[in-house]
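# Residue-level structure breakdown
Chain residues, written in single-letter form:
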Amino acid sequence: MPGLGASFGRGAATNYQQDMANSDCILFMGSNMAEAQPVGFRWPMEAKLKGATLIHVDPRFTRMSAVCDLYVGIRSGSDIAFLGGLVNYVLTNDRWFHEYVLAYTNASTIIEEGFRDTEDLAGMFSGFDQQHDSYDSKQGHWGYEESRHSHAEQDGSKHTPEAKPAKDPHGRYGHCMDGSGEPYTSPYKDIINAPRDPTLQHPRCVMQILRRHFARYTPEVVSQVCGCKPEEFMRVAELLCTNSGRERTTCIAYALGWTQHTTGVQIIRTAGILQLLLGNMGRPGGGIMALRGHSTIQGATDIATLYDSLPGYLPQPAAHDPTHEDLSCYIAYGEMPTGYWANFSKFIVSLLKAWYGDAATPDNDFGFSWVPRVDGDYSQLAYFDRMSKGGVKGYFLAGQNPGGGGPNAGLHRAGLRNLEWLVVLDWFETESAVFWKNDPNAPPPSEIGTEVFFIPAAAAQEKEGSLTQTQRLIQWHKKAIDPSGDCRSDAWFFYNLGKRLKQLYAGSTDPRDQGLVNLTWDYDFDAQPRLPDGTLSRIEGEPDLEKVLMEINGHRLDETDPRTGGPRLVSGYSELKDDGTTACGCWVYSGVFPEPGRNRADERKITDNPIQPEWGFAWPNNVRVLYNRASADPEGRPWSERKKLVWWDSETRSWVGLDKPDFELNKPPDYQPAPGATGMDAIAGTHPFITKADGLGWLYSPSIKDGPLPTHYEPVESPFGNLLYPKHNTNPMVRFFAGPLNHIAHMPTAEYPVVATTFRLTEHYLSGPMSRFNSWLNELQPEMFAELSYELAAERGIVHGGWMTIQTPRGRIEARAMVTRRLRPFVVEGRVVHQIGLPFHWAFAGEVVGGNANDLTALLADPNVSMHESKAFTCQVQAGRLEGQALHPTVPTAHWPTLDPIPDTPASAQPEGRLGHGK
């Protein structure tokens, strides 16, 4: 999540869910936590019981809104306008936390002469390349002004080679993805010595640029763009300010309602700016909660299922890029001279040793040439666009359903129809497995050439492993039973596939095969594993995933543990070296398995410490609140007794507290780096954001591709122009995928006047690949519907419970009408606009089927992470049904195994809702 990484240094949720109970105020935007994360929502409700104020700003009034103290409705896609207004309110009313901002942010840093803001260029930043529709941050002078020290050191100084563009201009490599790859105009990256003005009066200091940039986001403008009332907006602003400062903290929580926009990264950046100004980062009850929608989506990015990132947010080497030619160039370009990323060489060398073992030596660059190079854009949207045009031969699909859940799912299915072969690993035959025979909009099966191999996968209860959830917490789950029949775990499939491939290529001397030939791949159980009931597992060939976790944790290869006879496990990433004596599969996870028999992800000890540090393991280093040095003032004292978390103990000369300090334990608050200091020695004792090169939180960040400051642009499909910058309606760096399957309503048009947004139901899971095959859940939510206002229903003759159709340039679906006060018309720029809400859980496979909201959305990509824009698009709605044959379930409804009551269970908890008032 570069939106968080660009501001603070790490792209992950900054606090933990239980900490929300310590908040004095919580702003939920882009989130419906009560329905999408109902278990975690107990903690905001606990905060409310303690007197906290809960605020929900959202296009829809939901069950979440109903339990909040204040609800404000805004038009989908107008979030930056609303948040930008909050930033402006804080600045113009002098409500920012002065001591915090001056000490812990880059507010005083002076930006290079020649930078021009959107206020100077009518909605654009300097450095835009019209030919390539992208910004050149160097040409735009986005960087920090160079210090005199930099100029004095130019002759003979070691410096990072200047970047050359990789073949793929859209990739965000490694810690760029995490927001830490900052494109400075100076090749020396001498950020630590950049000139600063502590009076904040210099016209090019960050604070003055920030003030000018957000000045036009007044309450009146916010009201006109968002559709809320000025007094509603000001009420939110005042609550945030009142509940921030020394004694009080505010938390901001978001989810896909922010990320799924072409400005999603910049929406999150605006929240980061707001929280830095209010002094809420690194403190109890503060921070930004990035609420995840999957059990281990955080782990997927940490361990790097992303095509352009290696584990631990290291850059995936790029083909045809001189900065990735060999290991020394890769390290020189990837590391930062100051801050924690100065340890970059230790992380990559240890990773190579984990992958290639004894074959990785200094003489062969530790096998760096064996790491695959990125030679194009392999993000999902671009890849399926290429697939739909015949550019892909085969595909492995494990636990994903692009045929039902991808944006513009019809285009995704067209791509699957163009493959020669497809392997699907899943619990059920989802849309992506049966597209060739059940897609109502596809050619007949005889005309589809894709050969589909369906591999039945083990369910969660039938496999073990780790999950890394919303708050960076790694938790181990154990296997309960063996999978039935031929079902196998994902780990079993890929482990045994790897074994066969290694056998196939054994003995090869071809240079391109050496990565596979030398890959360490020895995770067999030492003895046949047993199930919890004591019986032996019948599954042969299952890998021992604790061995995998130990490899991820890391080893000292030059030390032997007498308990195992093997290399000693490292206790944390501070032990890693770049000389080949350590191996570590993911540096940010180091410490999760510090000694034999101690899998900290499997620990479940409840203690008196409210942080609960012995329940699972949070990366990095079991820190639960990131940047928690900021919970103390510059002298190391808690800002207040009420909000204390970590502090400097002058007697022990160390940082102590409730949480593990996210700072060097013995670095005193008054430490000042010597001239020319590097690494962590260059970070002052008052700089909490240690993965930023200057140790500061960034109000202004040049590491985001579409601008160093957030700017309001309309969604690509919008009924309105851009009121703030009329010359530039949409993000100038939005990526389009032109073609006959992906038509876009570029301009406001009478053909598609209604705003649509998608949302999630508690009772279903994503596109329904698991939940629509579950009879109990289907009874709770049996049919696709659309939420719309009474006013829109009256205009179109749509009746509650009746049928309606929704059409976009990509497709048309039918749904039942849910006519409700939960949606209302908005008055925007003086005219009325209607909005509808569409759950995205139905399609044509399962026990229940229905219109697919994802067939309506477009294939668009933001410039930073290739994210689509399913939370804001335009459509037309009408009463009635589609012509033609109705959809039919692809599997029969499951029968009850028994109608006998469950023993020792109250009647009210029995299946089929047998209510007996708890008797």
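Residues numbered from 1 in each chain as written. Predicted model: local features only at pLDDT ≥ 70, side-chain atom pairs only at ≥ 80, totals over all residues. Heavy atoms only, no water.

## Structural notes on the pairing of strand β24 (residues 803-808)
Taken together, the six bridges between β24 and strand β25 (residues 811-819) define a ladder with antiparallel strand orientation. In the strand pairing of β25, M804 is matched with A815. Sheet topology note: the β24/strand β30 (residues 873-879) ladder contains four bridges and is antiparallel. Counted as the bridge partner of I806 is V877 from β30. (Pairing = 2+ DSSP bridges. Helix = DSSP H or I, 4+ residues; strand = E, 2+ residues; numbered from the N terminus.)

## A short note on empty space enclosed by the protein
In total, this model carries four cavities of 30 Å³ or more according to the counting rule given. In terms of lining, the largest cavity is formed by 28 residues, of which the most central are G30, S31, G257, T758 and K871. Looking at the lining of the largest cavity, the elements with two or more residues in it are β2 (53-58), α11 (256-259) and β22 (754-759). When grouped by side-chain class, the residues that make up the lining of the largest cavity number nine nonpolar, twelve polar and seven charged. (1 Å grid on protein atoms, 1.4 Å probe; cavity = no way out; pocket = protein on both sides within 12 Å on 5 of 7 lines; lining within 4 Å. Points joined across faces, edges and corners; volume = space filled by probe spheres on them. Nonpolar A, V, L, I, M, F, W, Y, C, P; charged D, E, K, R; others polar.)

## Digging into the packing of aromatic side chains
Inspection of every chain in the model, using the stated rule, returns 49 aromatic pairs. Here Y313 and W619 contribute two aromatic rings whose centre-to-centre distance is 6.3 Å and whose plane-to-plane angle is 40 degrees, an arrangement assigned as tilted. Linking Y313 in the loop between β8 (309-310) and β9 (314-315) with W619 in the loop between β18 (617-618) and β19 (646-649), this pair joins segments that are 306 residues apart in sequence. Looking at Y313, the relative accessible area reads 3%, which means it is buried. With a centroid separation of 5.4 Å and 80 degrees between ring planes, the pair formed by F384 and Y395 is classed as edge-to-face. (Phe/Tyr/Trp six-rings, centres within 6.5 Å; stacked < 30°, edge-to-face > 60°. Buried < 20%, exposed > 50% of the residue type's maximum accessible area, 1.4 Å probe, protein only.)

## Regarding the pattern of salt bridges
Using the criterion set out here, one finds 44 salt bridges in the structure. Taking the shortest distance from any N to any O, the salt bridge between E35 and R63 comes out at 2.8 Å. Taken together, the residues E35 in helix α2 (residues 33-36) and R63 in helix α4 (residues 63-67) connect sequence positions 28 residues apart. The closest approach of N and O atoms between E791 and R821, which form a salt bridge, is 3.7 Å. (Salt bridge = Lys/Arg side-chain N within 4 Å of Asp/Glu carboxyl O.)

## Some thoughts on unusual backbone geometry
Of note, the amide linkage connecting W619 to P620 takes the cis form, showing an omega dihedral of -5 degrees. Looking at the element boundaries, P620 is found in the loop between β18 and β19. In the Ramachandran plot, L766 falls in the positive-phi region, its phi being about 50 degrees despite a non-glycine side chain. Tracing the backbone through its elements, the reader meets L766 in the loop between β22 and α23 (775-780). A residue is classified by how much of its surface remains accessible, and L766, at 18% relative accessible area, is buried.

## Quick word on the environment of D522
For D522, the position within the fold is in the loop between α21 (514-517) and α22 (545-553). What D522 contacts, discounting residues up to four positions off in sequence, is Y495 and K547. (Contact = heavy atoms within 4.5 Å.)

## Regarding the packing of helix α5 (residues 79-92) against helix α9 (residues 219-226)
The geometry of α5 relative to α9 is characterised by a closest axis approach of 9 Å and an angle of 165 degrees between their N-to-C directions. Classified by the angle between their axes, α5 and α9 sit roughly antiparallel to one another. Where α5 crosses over α9, the handedness of that crossing is left-handed. Residues A81, F82 and G85 of α5 touch α9, and the partners they reach there are V222, V225 and C226. Each residue belonging to the contact of α5 with α9 can be placed in one class, and the counts come to five nonpolar, one polar and no charged. (Axes fitted to C-alpha atoms, helices over the stretch in contact; angles between N-to-C directions. Parallel < 35°, antiparallel > 145°, perpendicular 65-115°, else oblique. Left-handed = near helix turned anticlockwise from the far one by under 90°.)

## Considerations on the side chain of Q835
Following the sequence through the fold, Q835 ends up in strand β28 (residues 835-839). Here S76 takes part through its backbone nitrogen, which lies 3.3 Å from a polar atom of the side chain of Q835. Not counting chain neighbours up to four residues away, the residues in contact with Q835 comprise P59, R75, S76, V754, V755, T757, E787, L823 and F826. (Polar contact = N/O pair within 3.5 Å; in protein donor to acceptor, adjacent residues only side chain to side chain.)

## Description of the confidence of the model for the protein chain
The pLDDT averaged across the protein chain works out to 93; a share of 94% of its residues lies at or above 70. Across residues 149-188, confidence stays below pLDDT 50; counting only partners more than four residues off in sequence or on other chains, it has 115 contacts. (pLDDT = per-residue confidence, 0-100.)

## Points about the nonpolar core
Side chains of a nonpolar character, in soluble globular proteins, are inclined to be buried together. Counting residues in each nonpolar core, the largest one holds 104 residues, and the members touching the most others are F28, F82, L86 and L277. Broken down by element, this core gets its largest block of residues, nine residues, from α5. Contacts of L277, omitting those with residues within four sequence positions, involve V87, V90, L91, W96, F97, V101, M207, L210 and L699. In terms of nonpolar packing, the next biggest core, distinct from the first, is built from 49 residues, V371, W476, L569 and A632 among them. (Core = buried A, V, L, I, M, F, W, Y, C linked by side-chain atoms within 4.5 Å.)

## Remarks on the sheet that holds strand β3 (residues 70-73)
Pairing within the open sheet is parallel, and its five strands lie in the order β3-β2-β1-β6-β7. If you trace the sheet from one side to the other, it starts and ends with β3 and β7 (288-290), each paired once. Averaged over all pairs of adjacent strands, the angle between their axes in this sheet comes to 15 degrees, without regard to strand direction. In the sheet, strand β1 (residues 25-29) pairs with β2 via five bridges, with the strands oriented parallel. Directly across from M29, in β2, lies its bridge partner V57. Along the sheet, α5 makes contact with β1, β2 and β3, crossing β1 at roughly 155 degrees.

## Considering the environment of S350
Inspection of the secondary structure puts S350 in helix α15 (residues 344-356). Distance from S350 to F366, taken between C-alpha atoms, is 9.1 Å for residues 16 residues apart in sequence.

## Side note on helix α3 (residues 42-49)
Buried within α3 are the following residues: W43, P44 and A47. Down the axis, α3 shows its buried residues gathered within 100 degrees of arc, on one side only. Along α3, the residues that are exposed and aim more than 90 degrees away from the buried face are R42 and L49. Buried residues along α3 sit in contact with β1, α2 and β2. Count one or two residues on from α3 and you reach G51, which has phi positive near 110 degrees. (Arc of directions from axis to C-beta.)

## Looking at the sheet that holds strand β12 (residues 451-456)
The three strands are arranged β10-β11-β12 in an open sheet whose pairing can be described as parallel. Bordering the open sheet on either side are β10 (394-398) and β12, each of which pairs with just one other strand. Across the sheet, the mean angle from the axis of one strand to that of its neighbour is 10 degrees, orientation sign disregarded. Pairing geometry for strand β11 (residues 421-426) and β12, over six bridges, is parallel. Across the sheet, residue L425 finds its bridge partner in β12, namely I455.

## Things to note about the packing of α9 against helix α10 (residues 230-242)
Remark: α9 packs on α10, axes separated minimally by 8 Å, with the N-to-C direction vectors making an angle of 115 degrees. Taken as a pair, α9 and α10 cross one another with a handedness that is right-handed. From α9, P219, V222 and S223 reach across to α10, where they touch P230, F233 and M234. Residue composition of the contact of α9 with α10, grouped by class: five nonpolar, one polar and no charged.

## Quick word on helix α12 (residues 264-278)
Between its first and last C-alpha, α12 extends 22 Å over 15 residues, near the 21 Å set by a 1.5 Å rise per residue. Burial of α12 is extensive: 15 of the 15 residues sit out of reach of the surface. (Expected span 1.5 Å × (residues − 1).)

## Side note on the side chain of Q471
Note on placement: Q471 falls in the loop between β13 (465-468) and β14 (473-477). Separated by 2.9 Å, the side chain of Q471 and the backbone nitrogen of Q17 make a polar contact. One polar contact links Q471 to Q18, side chain to side chain, over a distance of 3.1 Å. Among residues more than four places away in sequence, those in contact with Q471 are A13, N15, Y16, Q17, Q18 and A618.

## A short note on the pairing of strand β23 (residues 785-788)
Covered by surrounding structure in β23 are F785 and E787 together with A786 and L788, the residues of both alternating faces. Sheet analysis places β23 next to β25, joined by four bridges and oriented parallel. Within β25, the residue paired with E787 across the bridge is M818.

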